[in-house]
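As a plain string of letters, each chain reads:
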Amino acid sequence: MTRTDPLDVPRPDARLHFGVFFQGVNHWTIWSDPASGSQIDPASFRQVARTAERGLFDAFFLGEGLRLREVDGRIHDLDVAGRPDALTQLAALAAVTDRIGLVSTSNTTYNEAPDLARRLSGLDLLSEGRAGWNVVTTDNAWTGENFRRGGYLDHADRYTRAEEFLTVARALWDGWKDGATSGSPGASTWAAPGAVRQVRHQGRQFDVDLAPTLPRSAQGHPVIFQAGDSAEGRDFAARNADVIFSAHGNEFDDALAFAEDVRGRLVAAGRPEDDLRILPGTEIIIGATEEEALEKKRWIRLQQVTPATALGIAGLLWNRDFSDRDADGPLPKEDPVVAENDGSFGARRIADPRKVVAEWREKAEAGGWSLRETVIALGPQRGHVGTPAGLADRFAHWVRHGAVDGFNVTPYLIPDGLDDIVDLLVPELQERGVYRTEYTGTTLRDHLNLREPLTHRSSADHRSEITR
Amino acid sequence: MSGPALRLAVELDGDGAHPAAWRRAAHAPDHLLTPRRVARVAAAAENAGFTLLTLDDGVLPPGAAPDTVGRIGAVERAAFIAASTSVVGVAPVVPLTYAEPFHVSSQLASLDHISVGRAGWVVGEETRPEAARAWGRPLVDGAAARAGESRDGVEAVRALWDSWEDDAVIRSVATSRYLDRDRLHYVDFTGDTFTVKGPAIVPRPPQGQVVVLGHPDLVPAGQLDVALVTGRDLVAVATASAGAGTPRTFAEVEVALDTAHATAEERVGDLEQHAPWADRGRLRHIGSAAGLAALLERLRGVVDGVRLHPLVLDEDLPELSRLVLPHLFERRHAVRPLPGASLRTQLDLERPANRYAVAAARSGEETR
Ligand SMILES: Cc1cc2nc3c(=O)[nH]c(=O)nc-3n(C[C@H](O)[C@H](O)[C@H](O)COP(=O)(O)O)c2cc1C
């Protein structure tokens, strides 16, 4: 790829933002390698967060899943599983990092707004304005079996609840006037009289009458992330989010189409086009040469998609138990069984498995692939492979053309899977002027170059309160 | 009285045990809710030689105007403190009156991983009716109903901690299996007001079970590792301790010490002009450091430890650290925690066997 003339591109000054997604339940983190460390030891989290901070990343990101995955009623045993509660882990990381944002994926269906809002505020204060919240909306009854409320929410209601949840959370976050607590030791009252507003909200999901217990942080509110791809999810993001954690980060055209769709929704929602950052999740594989990088990718895929995992993925597609088959043999001859999704894998089953299987058969035959090779070749295409210079050129192109604002990087090795990116790729990006050379702010909102929180924009009153 | 050396705990919420404590704090009100403050107080407690620090909590404001109305969640504070200390045990107060036991279990197990086995849990309760609305749940009305929620909640949380056997992560390259699903267990808990399926999403805590502390009238003795016992005098404390039926007992002791600037009486009197220091039926020492040391020495053999509630942290912690704790340590009337040991080890509590692993081993034997 040739370097673009900066004047020819839509966003010549664009900067790439990086987050690191320390994955929880997944088979993309290679656990079988001798270099692979613990997935639960606090030292792993500390090391990844500090490496990301050394690489001037915007954020450290944790996902959430509220029930262990199952396949056909049995606990799925092939993937990495078992992770800390995100908010609790991030509060610990606040103590051992200085600048990096700390983003928690937390569910709106199985939490209560006052409780979660308070926890997020606590993280925001303990990190001095570095908290983010990825709003997710699981609604299946299967997950609900772990909660008092059970699976009480209709699928159609999950974004309705999420939106009302956010409304309540924001009202609580805005409940204290800035400077509510006195800055002088001899004050006559701990908080200025009238400085804390009682929050009253009555809606379908929440009926709250509560005095919030925390002031706003240095960034006003936690930064709101959204991850969800449906039209509903995108509109929810357009109305509410500061950042979209998307799955559109592998092909330029797809990424650009997604970004344009989101920008359209943003404008329709009455917000400026540049009000939202789009950070797709991605994997980055680096080699000294293109060949070396491709060879490394081949090796990585074989570690990620073990024979058993290949059979498990095929089993999900066919909806049959293939665990006794040979992954290195041909594709199974049977037709797939079309069945209802029971929600247990934490993902939807494939909509039209017959069509997908037919496509797999055709391509496997043409390529002479085994089942495992087919799963690798035709499964989700992940990420970017190349030399540091090649990747930096590509990313510069992507960000300057508005396809993405950056990436949420999923390292395939824990805890030192980020080292290459920080040591080799980041300097190349800096050289091209698409990556910061130092943190210029202290909050996550600063790093992402975001405007003030949405609720602070409507009235001049709010604005004057938040500036200091 | 003599007996084994005491373990010392201290409650660190806000600016101290008195509702108006903030008026004597060494900092401005707006400094209370900052990471620097949280870390500094925790470091002071750790350096003083406390075995455990506790952090009070609840969904409602900690007090009413004109006093302190702000508080960072105890679990978040505890995690932050765990990452910035290395020896002291850390126990947030977490009420189960309305909270989801599944989340509470995950949070506390995570705290134990983060602190490498230094986590405790003070089972609290939400007594104010407004809390029900904050949680979106029907009012849990009356002490008996709250005790019922705590009983079921603690049982569910403890079952979840055991739902992963210690070696459930097998990383078997030969079979491609990361987990051994036979070492993971559904808890299938059914209580009076809720059910939980399980297993947990967090691996078993390093201590096996986080150390559970609580008041015996709130949590059944069989679920507690440490009973927090109250009584206005030694006899009452001794009676409560003897009847607790828990592996360990800690006496609740409120303290106000003489300082270089004011006597304890004067300090209490000053704050009493603003608000009363409510009588919660606890032992209370208002006076010299030597007097407190003598009182604590008399508690040896009566209880296994004490939890101190200092009047004003900024004033009493330095005195405790300078005069009281060293005196007790020198005479071996109390012990400092050992670096690298778990909170259970500090409290001389065994690491519990896993109920499910034990059951599996037993049924294995029977079939043999
Ligand atoms: C990149 C990405 C990451 C996600 N991470 C999580 C997660 O950690 N936990 C979770 O419960 N859901 C997660 N989700 C699921 C979404 O929040 C959402 O529930 C799902 O995509 C279905 O919503 P939709 O119909 O709007 O797409 C993620 C989604 C995407 C696209």
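Residues numbered from 1 in each chain as written. Chains lettered and ligands numbered in written order. Predicted model: local features only at pLDDT ≥ 70, side-chain atom pairs only at ≥ 80, totals over all residues. Heavy atoms only, no water.

Chain B appears in an unreviewed UniProt entry as LLM class flavin-dependent oxidoreductase from Streptomyces phaeolivaceus.

Per an unreviewed UniProt entry, chain A is named NtaA/DmoA family FMN-dependent monooxygenase, and its organism is Streptomyces phaeolivaceus. Its UniProt record gives chain A a comment under Sequence similarities (unreviewed entry), which states: "Belongs to the NtaA/SnaA/DszA monooxygenase family." (UniProt positions renumbered as here; feature names shortened; annotations may be inferred.)

Engineer: Any chance you could explain the overall build of chain B here in plain terms?
Structural biologist: Secondary structure summary: chain B contains 11 helices and 13 strands in total. In terms of overall size, chain B behaves like a compact globule, its C-alpha atoms giving a radius of gyration of 21 Å where 368 residues would be expected to give roughly 21 Å. A buried classification covers 62% of the 368 residues belonging to chain B. A separation threshold of at least 6 residues defines the contact pool for chain B, and within that pool the share at least 24 residues apart is 74%. In the form shown here, chain B has an accessible surface area of approximately 13400 Å², with 51% of it arising from carbon and sulfur atoms. Computed over 39 positive and 48 negative side-chain charges, the separation of the two mean positions in chain B equals 4 Å. (Helix = DSSP H or I, 4+ residues; strand = E, 2+ residues; numbered from the N terminus. Rg over C-alpha atoms; globule rule 2.2 N^0.38 Å. Buried < 20%, exposed > 50% of the residue type's maximum accessible area, 1.4 Å probe, protein only. Contact = heavy atoms within 4.5 Å. Areas by Shrake-Rupley, 256 points an atom, 1.4 Å probe, with all protein chains shown as cover. Lys, Arg positive; Asp, Glu negative; His and termini not counted. Charge placed at Lys NZ, Arg CZ, Asp CG, Glu CD.)

Engineer: Explain the packing of aromatic side chains to me, please; I cannot follow it from the model alone.
Structural biologist: Under the counting rule described, the total for this entry stands at 23 aromatic pairs over all chains. With centroids separated by 4.0 Å and ring planes inclined at 15 degrees, the aromatic side chains of Phe22 of chain A and Phe45 of chain A adopt a geometry described as stacked. Highlighted residues: Phe22 of chain A in strand β1 (residues 17-22) and Phe45 of chain A in helix α1 (residues 42-54), separated in sequence by 23 residues. Residue class for Phe45 of chain A comes out buried when judged on its relative accessible area of 1%. Note on Trp318 of chain A and Trp360 of chain A: the rings are 6.3 Å apart at their centroids and 75 degrees apart in plane angle, and the pair reads as edge-to-face. With Trp318 of chain A in helix α9 (residues 307-318) and Trp360 of chain A in helix α10 (residues 353-367), this residue pair connects regions lying 42 residues apart in the sequence. Here Trp318 of chain A falls in the buried class, since its relative accessible area comes to 0%. Of the residues examined, Trp360 of chain A reaches a relative accessible area of 7% and is grouped as buried. Here a set of aromatic residues connected by ring pairs shows up, and it is made of Phe21, Phe61, Phe225 and Phe245 of chain A. Over the ring of Tyr152 of chain A we find Arg149 of chain A; its NZ or CZ atom is 5.1 Å from the centre of that ring. Over the face of the ring belonging to Trp277 of chain B we find Arg284 of chain B, whose NZ or CZ atom lies 3.8 Å from the ring centre. (Phe/Tyr/Trp six-rings, centres within 6.5 Å; stacked < 30°, edge-to-face > 60°. Lys NZ or Arg CZ within 6 Å of the ring centre and 35° of its normal.)

Engineer: I keep staring at the pattern of salt bridges and nothing clicks. Help me out?
Structural biologist: Charged atoms that come close allow side chains of opposite charge to pair. Across all of its chains, the model carries 69 salt bridges over all chains by this definition. The residue Arg148 of chain A makes a salt bridge to Glu149 of chain B at a minimum N-O spacing of 2.9 Å. Within this pair, whereas Arg148 of chain A is found in the loop between α4 (141-144) and α5 (158-173), its partner Glu149 of chain B is found in helix α5 (residues 143-162), the two belonging to separate chains. Accessibility classification places Arg148 of chain A together with Glu149 of chain B in one group, the buried group. Measuring nitrogen to oxygen at the nearest pair gives 3.0 Å for the salt bridge that ties Arg151 of chain B to Asp192 of chain B. Within this pair, whereas Arg151 of chain B is found in helix α5, its partner Asp192 of chain B is found in the loop between β7 (189-190) and β8 (195-196), the two being separated by 41 residues in sequence. Judged by its relative accessible area of 30%, Arg151 of chain B is partly exposed. One salt-bridge network, held together by shared partners, links Glu11, Glu252, Glu254, Arg282, Arg284 and Arg307 of chain B. (Salt bridge = Lys/Arg side-chain N within 4 Å of Asp/Glu carboxyl O.)

Engineer: Would you mind showing me how to read the side chain of Ser241 of chain B here?
Structural biologist: Residues and elements named next belong to chain B. Position of Ser241 among the secondary structure elements: in helix α6 (residues 234-242). Overall, Ser241 belongs to the buried group, its relative accessible area being 11%. Side-chain polar atoms of Ser241 contact the backbone oxygen of Val302, separated by 2.7 Å. Beyond its immediate sequence surroundings of up to four residues, Ser241 is in contact with Val229, Thr249, Val302 and Val303. (Polar contact = N/O pair within 3.5 Å; in protein donor to acceptor, adjacent residues only side chain to side chain.)

Engineer: Just to check I follow, could you spell out the UniProt feature "domain: Luciferase-like" (unreviewed entry) in chain B for this structure?
Structural biologist: Per the UniProt record, the feature "domain: Luciferase-like" (unreviewed entry) sits at residues 33-216 of chain B. Split by type, residues 33-216 of chain B is 35% helix and 17% strand. Its first and last C-alpha atoms lie 32 Å apart.

Engineer: So what exactly am I meant to see when it comes to the site of the ligand here?
Structural biologist: All names here are of chain A. Looking at the ligand, there are 16 residues lining it, with Glu64, Tyr159, Ala227, Asp229 and Ser230 nearest. In this structure, an oxygen atom belonging to the ligand sits 2.8 Å away from a side-chain N or O atom of Arg158. Contact between the ligand and Asp229: an oxygen atom at 2.6 Å from a main-chain N or O atom of the residue. Relative to its unbound accessible surface of 610 Å², the ligand loses 76% to contact with the protein. For the shell around the ligand, the per-class residue count stands at four nonpolar, eight polar and four charged. (Near = heavy atom within 4 Å. Nonpolar A, V, L, I, M, F, W, Y, C, P; charged D, E, K, R; others polar.)

Engineer: How should the interface of chain B and chain A be read in this particular structure?
Structural biologist: Interface size, as often reported, equals the accessible area lost upon joining of the parts. Chain B puts 74 residues into the contact, and the matching count from chain A is 73 residues. Taking both sides of the interface into account, the surface hidden between chain B and chain A amounts to around 6300 Å²; carbon and sulfur atoms contribute 60%. Our enumeration of links across chain B and chain A arrives at six salt bridges. In this structure, Arg119 of chain A and Glu76 of chain B form a salt bridge, with 3.0 Å as the shortest nitrogen-oxygen distance. Inspection of the chain B/chain A interface yields 30 residue pairs in polar contact (both at pLDDT 80 or more). Of all the secondary-structure elements, those providing two or more residues to the side of chain B that touches chain A are α1 (35-48), α2 (74-84), α3 (101-114), α4 (130-134), β5 (169-172), β6 (177-179) and β8 of chain B. Element by element, the count of residues in the side of chain B that touches chain A is highest for α3 of chain B, at nine residues. (Buried area = accessible area lost by both parts, 1.4 Å probe.)

Engineer: I keep staring at the domain arrangement of chain A and nothing clicks. Help me out?
Structural biologist: Residues and elements named next belong to chain A. Segmentation of chain A into domains returns domain 1 (14-177 + 194-283 + 382-463) and domain 2 (291-378). Inter-centroid distance (C-alpha atoms) of domain 1 to domain 2 is 30 Å. Regarding the contact of domain 1 and domain 2, the summed buried area is about 1800 Å², with carbon and sulfur atoms giving 57% of it. When the area that domain 1 buries against domain 2 is broken down by residue, the three leading residues are His27, Ile30 and Val385, summing to 26%. (Domains from an automatic or database assignment.)

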